[in-house]
Amino acid sequence: MPSKPAGTLYRGREGMWSWVAHRITGVGIFFFLLVHVLDTALVRVSPEAYNEVIGTYKNPIVGLLEVGLVAAILFHAFNGVRLILVDFWAKGPRYQRQLMIGVGVVWVVLFVPFVIRHLTHVFGG
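Bear in mind that the values here come from a model prediction, so they are computed numbers and not experimental data.

Criteria and cut-off values
- Residues numbered from 1 in each chain as written.
- Predicted model: local features only at pLDDT ≥ 70, side-chain atom pairs only at ≥ 80, totals over all residues.
- Heavy atoms only, no water.
- Helix = DSSP H or I, 4+ residues; strand = E, 2+ residues; numbered from the N terminus.
- Rg over C-alpha atoms; globule rule 2.2 N^0.38 Å.
- Areas by Shrake-Rupley, 256 points an atom, 1.4 Å probe, with all protein chains shown as cover.
- Lys, Arg positive; Asp, Glu negative; His and termini not counted.
- Charge placed at Lys NZ, Arg CZ, Asp CG, Glu CD.
- UniProt positions renumbered as here; feature names shortened; annotations may be inferred.
- Core = buried A, V, L, I, M, F, W, Y, C linked by side-chain atoms within 4.5 Å.
- Buried < 20%, exposed > 50% of the residue type's maximum accessible area, 1.4 Å probe, protein only.
- Contact = heavy atoms within 4.5 Å.
- Expected span 1.5 Å × (residues − 1).
- Polar contact = N/O pair within 3.5 Å; in protein donor to acceptor, adjacent residues only side chain to side chain.

Moving on to the overall build of the protein chain. Helix and strand counts for the protein chain stand at four helices and zero strands. Each helix and strand of the protein chain, ordered N terminal to C terminal, gives the series α-α-α-α. Computed over the C-alpha atoms, the radius of gyration of the protein chain is 20 Å, more than 25% above the 14 Å expected from 2.2 N^0.38 for a compact globule of 125 residues. For the C-alpha atoms alone, the extent of the protein chain along its principal axes is close to 65 × 35 × 30 Å. For the protein chain, the accessible area works out to roughly 9300 Å², and carbon and sulfur atoms hold 72% of it. Distance from the positive charge centre (11 side chains) to the negative charge centre (6 side chains) of the protein chain: 20 Å.

In structure tokens form, the structure reads like this:
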């Protein structure tokens, strides 16, 4: 059986998973922005329809979706900075694992307080 050349396959390391998560969060953010632009544009067509659409967003399900949106934006932003460092800093590839851990730490430090405050408003009134 022929052996595969070394270094040609992803092996589930942090680089692969950050690549996957970066693409997923990017697509999710894109669709949010699409809906956001469309519902905001509705105010020019019919302010009453705009108010009605915005009113439908005031429920716990959308509140939970907002948590997911903020999670995606924070990860996508900090992982993007990590990617810039890996691509443009000579030592970046060598420190890829440490940079990924840094992304995770900064993400948790900023995300957890947001979730606590936001869900207090969503479920606490």
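A few words now on the UniProt feature "transmembrane region" (unreviewed entry) in the protein chain. If you check UniProt for "transmembrane region" (unreviewed entry), the listed places come out as residues 20–41, 61–78 and 99–116 in our numbering. Secondary structure across residues 20–41 divides into 100% helix and 0% strand, with the first and last C-alpha atoms of the span separated by 32 Å.

Here we take up the nonpolar core. One finds Val67, Ala71, Leu74, Phe111 and Val115 forming the largest nonpolar core, which totals five residues. Among the elements of the structure, helix 3 (60–88) and helix 4 (96–124) are those that each provide at least two residues to this core. Of the residues forming this core, the biggest block, three residues, is contributed by helix 3. Ignoring anything within four residues of it in the chain, the contact list for Leu74 reads Trp107, Leu110 and Phe111.

Here we come to the environment of Gly12. Along the chain, Gly12 turns up in the segment before helix 1 (14–45). For Gly12, a relative accessible area of 32% puts it in the partly exposed group. Along the chain, Gly12 and Ile101 lie 89 residues apart, while their C-alpha atoms are 15 Å from each other.

Further remarks concern helix 3. The end-to-end C-alpha separation of helix 3 is 42 Å, in line with the 42 Å expected for 29 residues at 1.5 Å each. Buried within helix 3 we find Val62, Gly63, Val67, Leu69, Ala71, Ala72, Leu74, Phe75, Asn79, Gly80, Arg82 and Val86. For helix 3, the N-terminal capping position is held by Asn59, with its side-chain oxygen 3.0 Å away from the main-chain nitrogen of Ile61.

Another aspect to go through is the UniProt feature "binding site: heme" (unreviewed entry) in the protein chain. With numbering matched to this structure, UniProt assigns "binding site: heme" (unreviewed entry) to His76. Tracing the backbone through its elements, the reader meets His76 in helix 3. Those residues within four positions of His76 in sequence are excluded, and the remaining contacts are His22, Thr25, Gly26 and Ile29.

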